[in-house]
Amino acid sequence: MAEPTNDARTGLLAWRVSPLAHLAERMRDAAVTGARGVTLAEWPFVSMVNVRVDPASPAATRIEKTLGAPLPREHGRTTTSGGHTAFWLGPDEWLVLSQTEVGSVVAELREALAADPGSVVDVSANRTTLELSGPSARQVLEKGCPLDLHPRVFGPGRAVSTTVGPIAVLLWQVDDGPTYRLLPRSSFADYLARWLIDAMSEYRGPARP
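None of the values given here were measured: they were computed from a predicted structure. (Residues numbered from 1 in each chain as written. Predicted model: local features only at pLDDT ≥ 70, side-chain atom pairs only at ≥ 80, totals over all residues. Heavy atoms only, no water.)

S.K.: Just give me the short version of the sheet that holds strand 6 (residues 84-90), but keep the residues and values in it.
M.R.: Strand order in the open sheet formed by five strands is 5-6-7-4-8, and the pairing between neighbours is antiparallel. Edge positions in the sheet fall to strand 5 (78-81) and strand 8 (119-122), since each of these pairs with one other strand and no more. Across the sheet, the mean angle from the axis of one strand to that of its neighbour is 20 degrees, orientation sign disregarded. With six bridges joining them, strand 6 and strand 7 (residues 93-98) adopt antiparallel strand pairing. Across the sheet, residue W88 finds its bridge partner in strand 7, namely W94. Strand contacts of helix 3 (residues 102-113): strand 4 (47-52), strand 6, strand 7 and strand 8, with the helix running at about 175 degrees to strand 8, the strand carrying the most contacts. (Pairing = 2+ DSSP bridges. Helix = DSSP H or I, 4+ residues; strand = E, 2+ residues; numbered from the N terminus. Axes fitted to C-alpha atoms, helices over the stretch in contact; angles between N-to-C directions. Contact = heavy atoms within 4.5 Å.)

S.K.: If you had to explain empty space enclosed by the protein to someone new, which residues and values would you point to?
M.R.: Tallied over the full model, the rule gives one cavity of 30 Å³ or more. Of the volumes computed, that of the largest cavity is approximately 40 Å³. Around the largest cavity sit L67, A69, P70, T79, S81, H84, T85, A86 and V96, which together line it. Elements that contribute at least two residues to the lining of the largest cavity include exactly strand 5 and strand 6. Here the lining of the largest cavity gets three residues from one element, more than from any other, and that element is strand 6. Residue composition of the lining of the largest cavity, by class: five nonpolar, four polar and no charged. (1 Å grid on protein atoms, 1.4 Å probe; cavity = no way out; pocket = protein on both sides within 12 Å on 5 of 7 lines; lining within 4 Å. Points joined across faces, edges and corners; volume = space filled by probe spheres on them. Nonpolar A, V, L, I, M, F, W, Y, C, P; charged D, E, K, R; others polar.)

S.K.: Quick rundown of the sheet that holds strand 9 (residues 129-133)? Include the residues and the values.
M.R.: Here five strands make up an open sheet; going across it, the order is 3-9-12-11-10 and the pairing antiparallel. Each edge of the open sheet carries a strand with a single partner, namely strand 3 (39-43) and strand 10 (159-164). Between one strand and the next, the sheet's axes are offset by a mean angle of 30 degrees, whatever the strand orientation. The sheet contact formed by strand 3 and strand 9 spans five bridges and is antiparallel. Counted as the bridge partner of W43 is T129 from strand 9.

S.K.: Please set out the environment of R138 residue by residue, giving values where relevant.
M.R.: You can see R138 is positioned in helix 4 (residues 137-142). For R138 and T179, which are 41 residues apart along the polypeptide, the C-alpha to C-alpha distance reads 8.6 Å. If near-sequence neighbours (up to four positions away) are discounted, R138 is found in contact with L149, H150, P151, P178 and Y180.

This is the structure in structure tokens:
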């Protein structure tokens, strides 16, 4: 997928191309419908901001007010408010995904951080987002993910760093569909998408007895 962007450095119309634009048709064709259904799609150009701050500091409180939700304090937890979702990456580190234009998010969070120790960095180009959804989505992931993804352990709102196949990802379960979003590094997205397409293929046939 490509979209026009205004490049302030040149004043010319530039085009962004998502890491998986060349596989968009293959992902659509790989969709399986019915009771064993599963679909795969890319969500390109999501605003992503890395935040480092002492969680006990006044700056963290100001950042939480800006986001409209507390920063998660435990491994695997997320918090969501409006168009912002914050993922726990470490005791003093979070990844913020936003539906807002990244420049605006960065500016607001840097204003909240002010002169306190910490950092707010645009990392949108580092990753892309794949959405895997449908009744068989968990079974597809279980082919190559070492986590226990059973609903009693891993459910909506959970997000952890793990691997799917040989690729490191941030894995987030969005809902009970189940719907998962996988955030790989952009340079590994092609391999992961092809791995998932292959893993989905068996669900086109009848269930094994």
